[in-house]
Amino acid sequence: MNREKLIFDYLADRGFATIAELAGIVYTSEATVRRCVKEMEKRGILKCVYGGVIHKEYQMLPVPIRLRDGENHAAKERLAQRAAAMIPDHATILIDSSTTARRICRHILDREGLTVITSSLRVCSELRDSSVRVLCTGGSLLPHRECFAGHFAEEFVSGVKADYFFFSAQGVSENGDITDSSEEEIALRKVMLSVSKNSVFLFDSSKMGRDYPFILCNTAELTAVLQD
């Protein structure tokens, strides 16, 4: 069986894979796999993303966080630093499950009296040994996204008030609509928007012009938009 068929069958079954995973499947080097998937991408069979590959039929579905986390790392880090600078001591902030907003955590460890409310498992983990008070939304676990969503998460968030909500999403259309492929996360973000005094959207330029099925809001409705 040739490499392309092995890769195609693996992705057809799982939807997503890292380059290292595929190298193990086809018993060859990661460099060889990268060349192979690039050729397959040219023919429209799959799509390459940072650190991995997506089957063409899964392109409009939520991408696992393990593939998204390293994408545009430097830009996301700069956005997180700018966002953290907006947060005063003793504030209550909401952080969604996006890889960009999650990076705020490392820049707020020295703040006094800070409370973070989040749906993200990674945010909880990064702040677990800090003095920051952390509240998790709970709800239904979305394993590939490493976060919680659903009715119980929405109910929890509807009962709090926050000074700031920091979030991101997969796409921003030309008219400013913020969109995502995860219906559950969009629903929870809408509740987070409704309970926050200030809402701050963080996005790197790679998301501009991308449209996904579910609309959260328009950038004109927000307190601030931080763009690289």
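That block above? That's the structure.
Okay, so let's go over this structure.

Conventions used here
- Residues numbered from 1 in each chain as written.
- Predicted model: local features only at pLDDT ≥ 70, side-chain atom pairs only at ≥ 80, totals over all residues.
- Heavy atoms only, no water.
- Pairing = 2+ DSSP bridges.
- Helix = DSSP H or I, 4+ residues; strand = E, 2+ residues; numbered from the N terminus.
- Axes fitted to C-alpha atoms, helices over the stretch in contact; angles between N-to-C directions.
- Parallel < 35°, antiparallel > 145°, perpendicular 65-115°, else oblique.
- Left-handed = near helix turned anticlockwise from the far one by under 90°.
- Contact = heavy atoms within 4.5 Å.
- Nonpolar A, V, L, I, M, F, W, Y, C, P; charged D, E, K, R; others polar.
- Salt bridge = Lys/Arg side-chain N within 4 Å of Asp/Glu carboxyl O.
- Buried < 20%, exposed > 50% of the residue type's maximum accessible area, 1.4 Å probe, protein only.
- Disulfide = S-S within 2.5 Å.

Read across the open sheet, the six strands follow the order β6-β5-β4-β9-β12-β14; overall the sheet is parallel. Two strands close off the open sheet at either side, each with one partner strand: β6 (133-136) and β14 (224-227). Each neighbouring strand pair of the sheet contributes to a mean axis angle of 20°, computed without reference to strand direction. In the sheet, strand β12 (residues 196-203) pairs with β14 via four bridges, with the strands oriented parallel. In the strand pairing of β14, Val200 is matched with Ala224.

With that out of the way, let us pick up the packing of helix α1 (residues 3-14) against helix α2 (residues 19-26). Packing of α1 against α2 brings their axes to within 10 Å, and their N-to-C directions diverge by 125°. Here α1 lies oblique to α2, going by the angle between them. The interaxial crossing formed by α1 with α2 has right-handed handedness. Residues Arg3, Leu6, Ile7, Tyr10 and Arg14 of α1 pack against Glu21, Leu22, Ile25 and Val26 of α2. Split by residue class, the contact of α1 with α2 holds six nonpolar, no polar and three charged.

Okay, the pattern of salt bridges next. A full pass over the atoms with the stated rule returns 17 salt bridges. A salt bridge links Glu41 to Lys38, with the nearest nitrogen and oxygen atoms 3.9 Å apart. Taken together, the residues span about one helical turn, with Glu41 and Lys38 both in helix α3 (residues 30-42) at a distance of three residues. Lys38 gets classed as partly exposed once you look at its relative accessible area, which sits at 46%. One salt-bridge network, held together by shared partners, links Asp96, Arg145, Asp180, Glu185 and Arg189.

For the coordinates displayed, the defined rule picks out zero disulfides. Cysteine Cys147 is unpaired, with the sulfur of Cys136 as its nearest cysteine sulfur at 9.6 Å.

Side-chain alternation along strand β4 (residues 92-95) places Thr92 and Leu94 on one buried face and Ile93 and Ile95 on a second face that is also buried. Two elements, β4 and strand β5 (residues 115-118), share four bridges in a ladder whose sense is parallel. Paired with Ile93 across the strands is Val116, a residue of β5. Sheet analysis places β4 next to strand β9 (residues 162-167), joined by three bridges and oriented parallel.

On the basis of which strands lie adjacent, the open sheet formed by three strands has the order β10-β11-β13 and antiparallel pairing. Sheet topology places β10 (171-172) and β13 (214-218) at the edges, where each strand pairs with a single neighbour. Examined bridge by bridge, β10 and strand β11 (residues 177-180) share two bridges and lie antiparallel to one another. Bridged to Gly171 within β11 is Thr179.

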